[in-house]
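Observations on chain architecture
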Amino acid sequence: MTSVSVVVVAGDGALVLADLARGWDLPGGHVQRGETGAEQTARREVWEEVRVRVGVLEPVEVIESDLFGADDLTYMLVFVARVAEFAEWSGGLESAGRVVESAEEFLARYRGGDPVLMRHLVERALAVLGMGIRPADSS
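Notes on the structure follow.

Right, let's get into the nonpolar core. Residues Val7, Leu15, Phe106, Met118 and Val122 are the most contacted members of the largest nonpolar core, which totals 19 residues. Contributions of two or more residues to this core are made by strand E1 (3-9), strand E2 (15-20), strand E6 (58-65), strand E7 (74-86), helix H2 (103-109) and helix H3 (115-128). Apart from residues no more than four positions distant in its own chain, methionine 118 is found in contact with Asp25, Leu26, Phe106, Leu107 and Tyr110.

As structure tokens, this is what we get:
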């Protein structure tokens, strides 16, 4: 496991997103030396990027990437977690801010690496929590 990503869900079901240079996205990042597991990395990344403490981290999916070539595969573990505490925004180490937005709105505007994969991950994550989302408005 080289990196993690977290679908962070607020009490009303909205997603808590990081305002990154590439646009709004799920908080996450690479495992750092000394971290003892993916959950530790996930909690650190969520704190650094959106200043939120999360509750129980539930695994959603493992994504295999061949970004560096077929002989150098990497793996990202995607979690889902509910917000346990919003801290006052005091500036993140890795993001310009946090955004709280409905899953529908986020997925309709998401233009990152793979919008189809992102929809799949968000839908799966919300299903793990016993929630669902409406399909994005296609109008």
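Quantified by volume, the largest pocket comes out at close to 780 Å³. Lining the largest pocket are 28 residues, and of these Ser3, Arg22, Asp25, Ile63 and Met76 sit closest to its centre. Contributing elements (two or more residues each) for the lining of the largest pocket: E1, strand E4 (28-30), E6, E7 and H3. Here the residues of the lining of the largest pocket are counted per class, giving 12 nonpolar, 10 polar and six charged.

A ring pair, where both rings are aromatic, is described by two values, the distance of the centres and the angle of the planes. All chains considered together, the criterion is met by one aromatic pair. Sitting over the ring of tryptophan 47, arginine 53 keeps its end group 4.0 Å from the ring centre.

Cut-off values and rules
- Going along each chain's sequence as written, the residues are numbered from 1 onward.
- Local features are withheld for residues below a pLDDT of 70 in this predicted model, meaning they are given only at 70 or higher, and side-chain atom pairs are given and counted only at 80 or more; totals for whole chains, interfaces and linings count all residues.
- Calculated side-chain values reflect all of the structure's heavy atoms, with hydrogen atoms and water omitted.
- Here, the term nonpolar core denotes a set of buried Ala, Val, Leu, Ile, Met, Phe, Trp, Tyr and Cys residues that are joined through side-chain atoms within 4.5 Å.
- Relative accessibility under 20% of the residue-type maximum defines a buried residue, over 50% an exposed one, and the middle range a partly exposed one, all with a 1.4 Å probe and only protein chains included.
- By definition, any uninterrupted DSSP run of H or I lasting at least four residues is a helix, any uninterrupted run of E lasting at least two residues is a strand, and each is numbered from the N terminus.
- Residues are treated as being in contact if the distance between any of their heavy atoms lies within 4.5 Å.
- Put plainly, a pocket is an open set of points on a 1 Å grid over the protein atoms alone with protein on both sides within 12 Å along at least five of seven lines, a cavity is a set where a 1.4 Å probe fits but cannot get out, and a lining residue has an atom within 4 Å of a point.
- Grid points are joined across faces, edges and corners, and a volume is the space filled by probe spheres set on the points.
- The nonpolar class holds Ala, Val, Leu, Ile, Met, Phe, Trp, Tyr, Cys and Pro. Asp, Glu, Lys and Arg form the charged class, and all remaining residues, Gly among them, are polar.
- Working definition: a ring pair exists when centres of Phe, Tyr or Trp rings (six-membered ring for Trp) sit within 6.5 Å. Plane angles under 30 degrees give stacked, over 60 give edge-to-face, the rest tilted.
- In this scheme, the term charge over a ring applies when either NZ of a lysine or CZ of an arginine sits within 6 Å of the ring centre and within 35 degrees of the ring normal.

What is shown is where atoms sit, not what they do.
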